[in-house]
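Chain and residue survey
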Amino acid sequence: MNMKEYHNMSEVLRQLFEYVENMVRSHLRYSSICETCLQIRNYLPGIHGELATYADILPGNDNFIGYPFSGLVINFNASTKAHRDTNDMVVCCVIPVGQFTKGELVLKEAGLVLPLTVGDVVIFPSGRITHFNLAYEGQRGSLVRHTDQAGANWVKDRNGWKCHDYFDDGFDWMGMG
């Protein structure tokens, strides 16, 4: 990728993430997302540490809304079939947003049907528990914070690129040089 393409892509993504951040703030207190991070660190320190090991070394990771997770999925008006996210590392974090009724989250093996409302937070091992949400009425979305298991390869050797100049500790990722 050349520098012009990189900067164009960065600008488009910046605008997209600003839009998403505004959407999230209009449906959910931003502080509750930050509080979730603190709660994970306080109540699940081992899990927080495992997730943060990967998130902390990613380029451009400053103030990522999903921290200590490295990924953020935004679902709009989606009902899911029963599934397991077998590529997720350890746990995921689900936060519903919108104006809706019903749409409970089902955790099959745990025998739970959770009637979530806006701002509730559920953390569970998404690769080991079959889960889905029931039919809902209204506008329902969810923020799903997760980390892919492949992150372990990045921590180990940057997916085989650890010795490349771009991965020197002094490399300026935002300025690309």
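Residues numbered from 1 in each chain as written. Predicted model: local features only at pLDDT ≥ 70, side-chain atom pairs only at ≥ 80, totals over all residues. Heavy atoms only, no water.

**Some remarks on the packing of aromatic side chains**
Counted by the stated rule, this structure contains 0 aromatic pairs. Its guanidinium or amino end placed over the ring of Phe-100, Arg-140 lies 5.3 Å from that ring's centre, counting from NZ or CZ. (Phe/Tyr/Trp six-rings, centres within 6.5 Å; stacked < 30°, edge-to-face > 60°. Lys NZ or Arg CZ within 6 Å of the ring centre and 35° of its normal.)

**Topic: the sheet that holds strand 4 (residues 112-114)**
Read across the sheet, 3 strands follow the order 4-3-6 without closing on themselves; strand pairing throughout is antiparallel. Every other strand in the sheet has two partners, leaving strand 4 and strand 6 (131-133) as the edge strands with one partner each. Each neighbouring strand pair of the sheet contributes to a mean axis angle of 20°, computed without reference to strand direction. Pairing of strand 3 (residues 105-107) with strand 6 involves 3 bridges; the strand directions are antiparallel. Residue Leu-107 lies in a different strand from strand 6, and its bridge partner there is His-131. (Pairing = 2+ DSSP bridges. Helix = DSSP H or I, 4+ residues; strand = E, 2+ residues; numbered from the N terminus. Axes fitted to C-alpha atoms, helices over the stretch in contact; angles between N-to-C directions.)

**What to know about the pattern of salt bridges**
Opposite charge on two side chains lets them pair, provided their charged atoms get close. Scanning the entire structure with this criterion turns up 2 salt bridges. Across the pair Glu-109 and Arg-84 runs a salt bridge whose closest N-O atoms are separated by 2.8 Å. Remark: Arg-84 occurs in the loop between strand 1 (71-76) and strand 2 (92-102) and Glu-109 occurs in the loop between strand 3 and strand 4; sequence separation between them is 25 residues. In this structure, Glu-137 engages Lys-102 in a salt bridge whose closest nitrogen and oxygen atoms are separated by 3.2 Å. Residue Glu-137 is found in strand 7 (residues 136-146), and its partner Lys-102 is found in strand 2; the two are separated by 35 residues along the sequence. According to the relative accessible area criterion, Lys-102 is partly exposed, its value standing at 48%. (Salt bridge = Lys/Arg side-chain N within 4 Å of Asp/Glu carboxyl O. Buried < 20%, exposed > 50% of the residue type's maximum accessible area, 1.4 Å probe, protein only.)

**Side note on the environment of Cys-93**
Topologically, Cys-93 is positioned in strand 2. In sequence terms Cys-93 and His-146 are 53 residues apart; their C-alpha atoms lie 6.5 Å from each other. Discounting residues that sit within four places of it in the chain, Cys-93 has contacts with Thr-36, Phe-69, Val-121, Val-122, Ile-123, Leu-143, Val-144 and Arg-145. (Contact = heavy atoms within 4.5 Å.)

**A word on the environment of Asn-77**
In this fold, Asn-77 is placed in the loop between strand 1 and strand 2. We classify Asn-77 as partly exposed; its relative accessible area is 38%. A C-alpha to C-alpha distance of 9.9 Å links Asn-77 and Phe-100, two positions 23 residues apart in sequence. Setting aside residues up to four positions removed in sequence, Asn-77 forms contacts with Tyr-136, Gly-138, Gln-139, Arg-140 and Gly-141.

**What to know about the pairing of strand 7**
Taken across its 11 residues, strand 7 has 8 buried, putting it largely inside the fold. Two strands pair when backbone bridges link them, and strand 1 and strand 7 are joined in this way by 6 bridges, in the antiparallel orientation. Residue pairing across strands places Val-73 opposite Val-144, the latter belonging to strand 7.

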